[in-house]
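# Close look at the chain arrangement
As a plain string of letters, each chain reads:
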Amino acid sequence: MWHQASKKHGCLDVAHVEEYKDRMMKGAGFLFIGWVMHYLPFWTMGRVLYFHHYFPAFVYSCMITGITVEYGLSLIRLKCSKHFSWNVYHTLLGVLFSGIFYSFYLFHPLSYGMTGPNSRNETSMMAGLRWLDTWDV
């Protein structure tokens, strides 16, 4: 079924896709090792950890996310016809950027400072951000 849909939209296997996959996996693997080396020591600690403890691991995580998004979008570009890949590429980028902007809008009070009651109060603007009972927002 995948192959039939691929042929319909002009998606073909390209010889240099394997080389591209290897290059991306090496980059992502290097970043994953960096993430583990920065995250694992703090994960094993039994004390309260603050944002600055996780920040280096977060930076590696963001870079891995960038590689993953680039890899997925580039595979579409490499394997599919120009017109189809252009439409899919820009649609997915629009969805991605919309999600990023919505996430910023949703969580910006946590970054810029909260006013009013905390998240335990149902009338608080933070009530919707308290997804788990263990969170203290």
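A few points on the structure. Source: prediction; values computed, not measured. (Residues numbered from 1 in each chain as written. Predicted model: local features only at pLDDT ≥ 70, side-chain atom pairs only at ≥ 80, totals over all residues. Heavy atoms only, no water.)

Spacing of three or four residues puts side chains on the same side of an α-helix, whose turn is 3.6 residues. Compared with an ideal rise of 1.5 Å per residue, which puts 31 residues at 45 Å, helix α4 (residues 82–112) spans 43 Å between its outermost C-alpha atoms and is within 8% of the ideal. Buried within α4 we find S85, L93 and P109. Buried residues belonging to α4 abut α3 (51–79). Trailing α4 by a residue or two, G113 shows a phi angle of about 105 degrees, which is positive. (Helix = DSSP H or I, 4+ residues; strand = E, 2+ residues; numbered from the N terminus. Expected span 1.5 Å × (residues − 1). Buried < 20%, exposed > 50% of the residue type's maximum accessible area, 1.4 Å probe, protein only. Contact = heavy atoms within 4.5 Å.)

Listed in full, the ten residues of the largest apolar core are V17, Y20, M24, A28, L31, I64, I67, Y71, L75 and L78. Elements that contribute at least two residues to this core include exactly α2 (17–43) and α3. (Core = buried A, V, L, I, M, F, W, Y, C linked by side-chain atoms within 4.5 Å.)

For α3, which comprises 29 residues, the first-to-last C-alpha distance of 41 Å matches the rise-based estimate of 42 Å (1.5 Å per residue) to within 8%. Taken as a whole, α3 carries its principal kink of about 35 degrees at A57. Those residues of α3 that fall on the buried side of the exposure criterion are H53, A57, I64, I67, Y71, L73, S74, L75 and L78. (Bend = angle between axes of the 7 residues up to and from the residue.)

Once that is clear, we can look at the packing of aromatic side chains. Between two aromatic rings, the relevant description is the distance of the centres plus the angle of the planes. A complete count under the given rule lists three aromatic pairs for this structure. Here the aromatic rings of W35 and Y39 are separated by 5.1 Å at their centres, their planes lie at 10 degrees, and the arrangement is stacked. Taken together, the positions of W35 and Y39, both in helix α2 and four residues apart, correspond to about one turn of that helix. Measuring from ring centre to ring centre gives 6.5 Å for F55 and F58, while their planes differ by 35 degrees; the resulting arrangement is tilted. With F55 and F58 both in helix α3, this residue pair falls three residues apart, about one helical turn. For F55, a relative accessible area of 39% gives the class partly exposed. Judged by relative accessible area, which is 44%, F58 ranks as partly exposed. Through pairs of rings, three or more aromatic residues link up here, namely F32, W35 and Y39. (Phe/Tyr/Trp six-rings, centres within 6.5 Å; stacked < 30°, edge-to-face > 60°.)

Between α2 and α3, whose axes approach to 8 Å, the crossing angle comes to 165 degrees. Relative to α3, the element α2 lies roughly antiparallel. Both α2 and α3 take part in a crossing whose hand is left-handed. A per-class count over the contact of α2 with α3 returns 20 nonpolar, six polar and three charged. (Axes fitted to C-alpha atoms, helices over the stretch in contact; angles between N-to-C directions. Parallel < 35°, antiparallel > 145°, perpendicular 65-115°, else oblique. Left-handed = near helix turned anticlockwise from the far one by under 90°. Nonpolar A, V, L, I, M, F, W, Y, C, P; charged D, E, K, R; others polar.)

Mapped onto the fold, T65 is located in helix α3. Distance in space between the C-alpha atoms of T65 and A28 is 9.0 Å, their sequence separation being 37 residues. A distance of 2.9 Å separates a polar atom in the side chain of T65 from the backbone oxygen of S61. (Polar contact = N/O pair within 3.5 Å; in protein donor to acceptor, adjacent residues only side chain to side chain.)

Before going further, it helps to examine the side chain of S85. If you trace the backbone, S85 turns up in helix α4. Not counting chain neighbours up to four residues away, the residues in contact with S85 comprise I76, R77 and C80.

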